[in-house]
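Okay, here's what each chain looks like letter by letter:
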Amino acid sequence: MTRRVLFLCTGNSARSVLAEATLRAWGVGRYEAYSAGSQPAGQVNPFAIAQLEREGFPTDNLRSKSWDEFSAETAAPMDLIVTVCDSAAGESCPIVHGDFVRVHWGLFDPAAVTGSDADKRAAFAEAHAIIQKRMRAFLDIRDDVWADKAAVKALLEPIDDVG
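Residues numbered from 1 in each chain as written. Predicted model: local features only at pLDDT ≥ 70, side-chain atom pairs only at ≥ 80, totals over all residues. Heavy atoms only, no water.

Visitor: How do you make sense of helix H2 (residues 46-54) when you look at a structure like this?
Guide: Residues spaced three or four apart along an α-helix face the same direction, because each turn holds 3.6 residues. Those residues of H2 not exposed but buried are Phe47, Ala48, Gln51 and Leu52. Looking straight down H2, one finds its buried side chains confined to an arc of 135 degrees; they lie on one side. Where the residues of H2 are buried, they touch helix H1 (15-26) and helix H4 (117-139). You can read the cap of H2 off the contacts: a side-chain oxygen lies 2.7 Å from the backbone nitrogen of Phe47, and it is on Asn45. (Buried < 20%, exposed > 50% of the residue type's maximum accessible area, 1.4 Å probe, protein only. Helix = DSSP H or I, 4+ residues; strand = E, 2+ residues; numbered from the N terminus. Arc of directions from axis to C-beta. Contact = heavy atoms within 4.5 Å. Polar contact = N/O pair within 3.5 Å; in protein donor to acceptor, adjacent residues only side chain to side chain.)

Visitor: Help me out: how do you make sense of the sheet that holds strand E2 (residues 31-37) in this one?
Guide: Sheets are built from strands that pair by backbone hydrogen bonding, the pairs being arranged parallel or antiparallel. Taken in spatial order, the four strands make up an open sheet running E2-E1-E3-E4, and their pairing is parallel. In this open sheet, the two strands that pair with only one neighbour each are E2 and strand E4 (101-104). Strand-to-strand, the axes of this sheet are offset by a mean angle of 20 degrees, without reference to chain direction. Sheet topology places strand E1 (residues 3-9) next to E2; seven bridges connect them, and they run parallel. Note that in E2 the partner of Leu6 across the bridge is Tyr34. Strand contacts of H1: E1 and E2, with the helix running at about 170 degrees to E2, the strand carrying the most contacts. (Pairing = 2+ DSSP bridges. Axes fitted to C-alpha atoms, helices over the stretch in contact; angles between N-to-C directions.)

Visitor: Looking at this structure, I do not really get the side chain of Thr59. What am I missing?
Guide: Mapped onto the elements, Thr59 comes out in the loop between H2 and helix H3 (68-71). A distance of 3.3 Å separates a polar atom in the side chain of Thr59 from a polar atom in the side chain of Glu53. Excluding its chain neighbours within four sequence positions, the residues that come into contact with Thr59 are Ile49, Leu52 and Glu53.

Visitor: Explain the packing of H1 against H4 here, please?
Guide: Helix packing geometry: the angle between the two helix axes and the distance between the axes. Closest axis-to-axis distance for the H1/H4 pair is 10 Å, and the angle between their directions is 45 degrees. In terms of axis orientation, H1 runs oblique to H4. Seen from above, H1 lies across H4 with right-handed handedness. Contact residues: H1 offers Arg15, Leu18, Ala19, Thr22, Leu23 and Trp26, while H4 offers Phe124, Ala127, His128, Ile131, Gln132, Met135, Arg136, Phe138 and Leu139. For the contact of H1 with H4, the residue count by class is 10 nonpolar, three polar and two charged. (Parallel < 35°, antiparallel > 145°, perpendicular 65-115°, else oblique. Left-handed = near helix turned anticlockwise from the far one by under 90°. Nonpolar A, V, L, I, M, F, W, Y, C, P; charged D, E, K, R; others polar.)

Visitor: Help me understand the nonpolar core, please; the structure alone is not making it clear to me.
Guide: Within soluble globular proteins, side chains that are nonpolar tend to cluster in buried spots. In this structure, Phe7, Leu23, Leu80, Trp105, Phe138 and Leu156 are the most contacted members of the largest nonpolar core, which totals 38 residues. Only E1, H1, E2, H2, strand E3 (80-83), E4, H4 and helix H5 (149-156) provide two or more residues apiece to this core. Dropping the residues within four chain positions of it, Trp105 is found in contact with Phe7, Val82, Thr83, Val84, Arg134, Met135, Phe138, Leu156, Glu157, Ile159 and Asp160. (Core = buried A, V, L, I, M, F, W, Y, C linked by side-chain atoms within 4.5 Å.)

Visitor: Honestly, the pairing of E3 in this entry has me stumped. Any pointers?
Guide: Taken residue by residue, a regular strand's side chains alternate between the two faces of the sheet. Residue alternation in E3 divides its side chains into two sets, Leu80 and Val82 and Ile81 and Thr83, and both sets are buried. As defined by bridge partners, E1 adjoins E3 across four bridges and the pair is classed as parallel. Residue pairing across strands places Leu6 opposite Ile81, the latter belonging to E3. Pairing analysis gives four bridges linking E3 to E4, with the strands arranged parallel. In the sheet register, Val82 faces E4, and the bridge partner there is Val103.

Visitor: Looking at this model, I keep getting lost on empty space enclosed by the protein. Mind explaining?
Guide: Rolled over the atoms, a probe sized like a water molecule indicates the empty space that remains. Summed over the entire model, instances satisfying the criterion amount to one cavity of 30 Å³ or more. Of the volumes computed, that of the largest cavity is approximately 50 Å³. The element contributing the most residues to the lining of the largest cavity is H4, with three residues. Of the residues belonging to the lining of the largest cavity, the class tally is seven nonpolar, no polar and one charged. (1 Å grid on protein atoms, 1.4 Å probe; cavity = no way out; pocket = protein on both sides within 12 Å on 5 of 7 lines; lining within 4 Å. Points joined across faces, edges and corners; volume = space filled by probe spheres on them.)

Structure below.
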C-alpha cells in the first residue's frame, strides 16, 4: 500500500520542497510525497532547486502551492502530515485537521539566511542534510506499523530530534 505524505510549511519554497523531493526519490513504491504552504511564496527558492540538482534529486514538477489544494473535499486523503516550521524562530505552523497522523519536524529556514550566495548555499546544504537524515529514519519504519496510528505517531515524533 502506498501512503500519501504532505510536508507543510509557511512559504513552501524551501524546507517542505526539499523534504518532498527527497521522499519522492527515496520512497518510490511506499510513499507519495507532496508539499504545500499556508502562505505559499509562489515559487520554489532557486537555492533549493540548486541544492537538489547538486545532489542528483529530480526537480521536475516541484512548485510552491497552497495547502488548500490538499484540504479540499475533493482532494485525496493524506496518511501523514509533517509540519517543518521552526517554532524556535517564532514561525507559526499551519493548523490541520483530518483523519491522518500529524507530526512536527521543526527545521530552521534556509531561505531566511542572509549574506553571500556561499552562505545561502551552505544553509541549504545543511538543511537538506538534516532532512535526509530524517528521511532515512522515517524510511526505517516498517510498513506494518501503520495499522496503529498511535504506534506510528510514537515512532515518527522522535525523528524531530534527528539531525
